[in-house]
Amino acid sequence: MEREKTGPASGFRPVLLSKEDADAFCALRTALLCELGEAGDGADARAFAAATREYCLSNLGKGLFCFGVFADGTLAAAGALCLFSRLPYPENLSGSEGYILSVYTLPRFRRRGFAGGLVDAMIRFAEKKGVGRLWTGSSDAGRAVYQKAGFAEKGGEMELFLPVKGRRLPPR
């Protein structure tokens, strides 16, 4: 499946990934964890890859939404958004939240705006779903992407409150 998008100047746009993209998404997630020094090796790495693939196939579209950017015929960048509900609180009366994770761009495709485009696409998707708050953990390398999108640091994580009808945003 080739969905060519080559960069901001040529109008790339992240796409919502399907089950057909699960293997490519899992490969990027594994590459991210390897780069961060968090991936196991040998049997542990294979078990992790298999568990990630099974989770994606079982949950895609049911609370897990994966986005990607295709360039040069390959999945060049990807990220995931997990949606869930929790008890409401004053800043988020809907209780609907989203966690952004595994945003990663292959090294040869970096500095083209793919990560920022993915984060923006996930924010827009979450707004359409009525999500009141997004949050994420971030590597040092990714922090600027989230800050540019409006996320604020809070207790070792980053969060962004989204406008929801009838609710005020908390002060920054």
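Reading the values: rules and limits
- Residues numbered from 1 in each chain as written.
- Predicted model: local features only at pLDDT ≥ 70, side-chain atom pairs only at ≥ 80, totals over all residues.
- Heavy atoms only, no water.
- 1 Å grid on protein atoms, 1.4 Å probe; cavity = no way out; pocket = protein on both sides within 12 Å on 5 of 7 lines; lining within 4 Å.
- Points joined across faces, edges and corners; volume = space filled by probe spheres on them.
- Salt bridge = Lys/Arg side-chain N within 4 Å of Asp/Glu carboxyl O.
- Helix = DSSP H or I, 4+ residues; strand = E, 2+ residues; numbered from the N terminus.
- Buried < 20%, exposed > 50% of the residue type's maximum accessible area, 1.4 Å probe, protein only.

J.: Please provide a residue-by-residue account of the layout of surface pockets, values included.
T.: In this approach the atoms are scanned with a rolling probe the size of a water molecule, which exposes any empty space left behind. Quantified by volume, the largest pocket comes out at close to 930 Å³. The wall of the largest pocket is formed by 34 residues, among which V103, A115, A141, G142 and V145 lie closest to the centre.

J.: Please set out the pattern of salt bridges residue by residue, giving values where relevant.
T.: In total, this model carries seven salt bridges according to the counting rule given. The partner of R86 in a salt bridge is E97, and the shortest N-O contact between them spans 3.4 Å. Within this pair, whereas R86 is found in the loop between strand 3 (74-85) and strand 4 (96-105), its partner E97 is found in strand 4, the two being separated by 11 residues in sequence. Relative accessible area serves as the criterion here: at 41%, R86 is assigned to the partly exposed category. Residue classification places E97 among the buried positions, given a relative accessible area of 1%. Bridged by salt links that share partners, the residues R86, E97, R133 and E159 form one connected network.

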